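# Understanding the architecture of this molecule
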Amino acid sequence: MKLLRVSTAVISLLFSATTLAADSTPLKHAHGMLVDHAGMTVYTYDKDTPNSGKSACVATCAKNWPPVMAQGTPPAPYSVVTREDGSKQLAHKSKPLYTFVKDKKAGDKTGDGVGGAWHIVGEE
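Below, the structure is looked at part by part. Here the residue numbers are simple positions, counted from 1 along each chain's written sequence. The predicted origin of the model limits local features to residues at a pLDDT of at least 70 and limits the giving and counting of side-chain atom pairs to 80 or more, whereas totals for whole chains, interfaces and linings rest on all residues. As a rule here, side-chain values come from all non-hydrogen atoms in the structure, and water together with hydrogens is ignored.

### Quick word on the packing of aromatic side chains
Test applied: Any Phe, Tyr or Trp ring, taking Trp's six-membered ring, that has another such ring centre within 6.5 Å forms a pair; planes under 30 degrees apart are called stacked, those over 60 apart edge-to-face, and the others tilted. Secondary structure counts use DSSP, requiring at least four H or I residues in a row for a helix and at least two E residues in a row for a strand, with both numbered from the N terminus. Relative accessibility decides the category of a residue: with a 1.4 Å probe and only protein chains considered, values under 20% of the type maximum give buried, values over 50% give exposed, and everything between is partly exposed.
For the coordinates displayed, the defined rule picks out 6 aromatic pairs. Geometrically, the ring pair formed by Y43 and W65 is edge-to-face, given 5.4 Å between the ring centres and 85 degrees between the ring planes. Residue Y43 is located in strand β3 (residues 43-45), and its partner W65 is located in the loop between α2 (60-64) and β4 (78-82); the two are separated by 22 residues in the primary sequence. By the burial criterion, Y43 is buried, and W65 matches it. Summarising the aromatic geometry, the rings of Y98 and W118 are spaced 5.1 Å apart at their centres and angled 85 degrees between planes, so their arrangement reads as edge-to-face. With a gap of 20 residues between them, Y98 in the loop between β6 (95-96) and β7 (118-120) and W118 in strand β7 connect regions that are remote in the sequence. Side by side, Y98 and W118 carry an identical accessibility label, which is buried.

On their own, these measurements won't tell you what the molecule is for.
Following this line, the structure appears as structure tokens:
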């Protein structure tokens, strides 16, 4: 009987650790696209150079297209780029990620195609 209690406790502990690991994913999938934890659509910018380690969207651009900020070291296929102010921005497949100020509620995707340079990050 003691062995069963220990096994149940171990299983519960393992399940909790798996749940915590899943919750640490920086973004989630919804409606065929990546969104942040608030459900806001995430975009990439064509002027960003993959693997450059930096963002081309600064100053006024970053006010309209707020960077998705990174916390810690994300799991692949995510990475982190350092912005010119030293802050850390989340990237997907080496491309920095952004939200759009004109998206007012979760699921809005008004930024897709803006200027021919902004694109929703789709699920793989």
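Once you've had a look at it, read on.
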